[in-house]
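Remarks on the overall topology
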Amino acid sequence: QDQRDDEQLENDLQELRTKTEQAHQNAKAKEQEAEEAQESMVMQDIGHMQGKADRWALEQAMQEQDHRDAVENSQVSRAVNGYNQQGANLQQRQIEEAQKEMAQMASS
């Protein structure tokens, strides 16, 4: 009887050790999963912030390009207007000269 009790006790202890070891391994695995999940969330947050920074930089670059385009368009407009004005002045002078010549021809 005592030997059977000892064997039973030994079996119970072994079973308890096995269950404790499994519980320990499960806890360790869950801790590892939690760490990986937290790491993943941190990486996602970093990715999200990087995405925000990239979008901001892109928006800044687009605004700067829009500004450069506006300045360039303004300069082109001024150049075209100046060219047109010179053309109009030249045309006006040509008309005046032609009128003078016609007046001189008519008076001679």
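To be clear, the structure that these remarks concern was listed above.
What comes next is a walk through the structure. (Residues numbered from 1 in each chain as written. Predicted model: local features only at pLDDT ≥ 70, side-chain atom pairs only at ≥ 80, totals over all residues. Heavy atoms only, no water.)

1. With respect to the overall build of the protein chain
Defined as follows: Numbering goes from the N terminus for both helices and strands, where a helix is a DSSP run of H or I of at least four residues and a strand is a run of E of at least two. Radius of gyration here is computed from C-alpha atoms only, and the compact-globule reference equals 2.2 Å multiplied by the residue count raised to the power 0.38. Summary of the burial criterion: residues with accessible area below 20% of their type's maximum are buried, those above 50% are exposed, and those between are partly exposed, where the area comes from a 1.4 Å probe applied to protein chains only. Here the Shrake-Rupley method, with its probe set to 1.4 Å, supplies the accessible areas, and only the displayed protein chains count as covering residues. For this count, His and the chain ends are skipped, Lys and Arg are scored as positive, and Asp and Glu as negative. To locate a charge, take NZ of a lysine, CZ of an arginine, CG of an aspartate or CD of a glutamate.
Looking only at helices and strands, the protein chain features 1 helix and 0 strands. Radius of gyration (C-alpha) of the protein chain: 46 Å, far over the 13 Å computed for a compact globule of 108 residues. Seen through its principal axes, the protein chain has C-alpha atoms that stretch 155 × 10 × 5 Å. In the protein chain, which comprises 108 residues, the proportion classed as buried is 0%. Of the roughly 10200 Å² that the protein chain leaves accessible, carbon and sulfur atoms contribute 52%. Taken as two groups, the 11 positive and 23 negative side-chain charges of the protein chain have centres that lie 9 Å from each other.

2. A look at the environment of Arg4
Within the secondary structure layout, Arg4 lies in helix H1 (residues 2-107). On the basis of relative accessibility, which here comes to 58%, the residue Arg4 falls in the exposed class. Each C-alpha atom of the pair Arg4 and Ala27 lies 34 Å from the other, and the pair is 23 residues apart in sequence.

3. Focus on the pattern of salt bridges
Convention followed: Between Lys or Arg on one side and Asp or Glu on the other, a salt bridge is scored when a side-chain nitrogen of the former is within 4 Å of a carboxyl oxygen of the latter.
Evaluation of the coordinates by the stated rule reveals 2 salt bridges. A salt bridge links Glu10 to Arg17; the shortest N-O distance between them is 3.9 Å. Here Arg17 falls in the partly exposed class, since its relative accessible area comes to 46%. Two residues, Glu15 and Lys19, come together in a salt bridge whose shortest N-O distance is 3.4 Å. With Glu15 and Lys19 both in helix H1 and 4 residues apart, this pair spans about one turn of that helix. Judged by relative accessible area, Glu15 falls into the partly exposed class, the value being 45%.

4. Notes on a negative patch on the surface
The condition is simple: To count toward a patch, a residue needs a relative accessible area above 30% and no salt bridge. Like charges then connect within 9 Å, nonpolar side chains (Val, Leu, Ile, Met, Phe, Trp, Tyr) within 5 Å.
Together, Glu31, Glu33, Glu35, Glu36 and Glu39 make up a negatively charged patch on the protein surface. Relative to the helices and strands, Glu36 is located in helix H1.

5. So, a nonpolar patch on the surface
Together, Leu9, Leu13 and Leu16 give the surface a local cluster of nonpolar side chains, amounting to about 280 Å² of exposed area. When its relative accessible area of 37% is taken as the criterion, Leu13 is described as partly exposed.

6. Quick look at the environment of Arg17
Our working definition: Under this definition, polar contacts are N or O atom pairs within 3.5 Å; protein pairs additionally need one hydrogen-donor-capable and one acceptor-capable atom, and for neighbouring residues in sequence, both atoms have to be side-chain atoms.
With respect to the helices, strands and loops of the structure, Arg17 is situated in helix H1. Reaching out from Arg17, the side chain makes a polar contact with the side chain of Gln14 at a distance of 3.2 Å.

Read these as layout, nothing more, since geometry by itself doesn't imply function.
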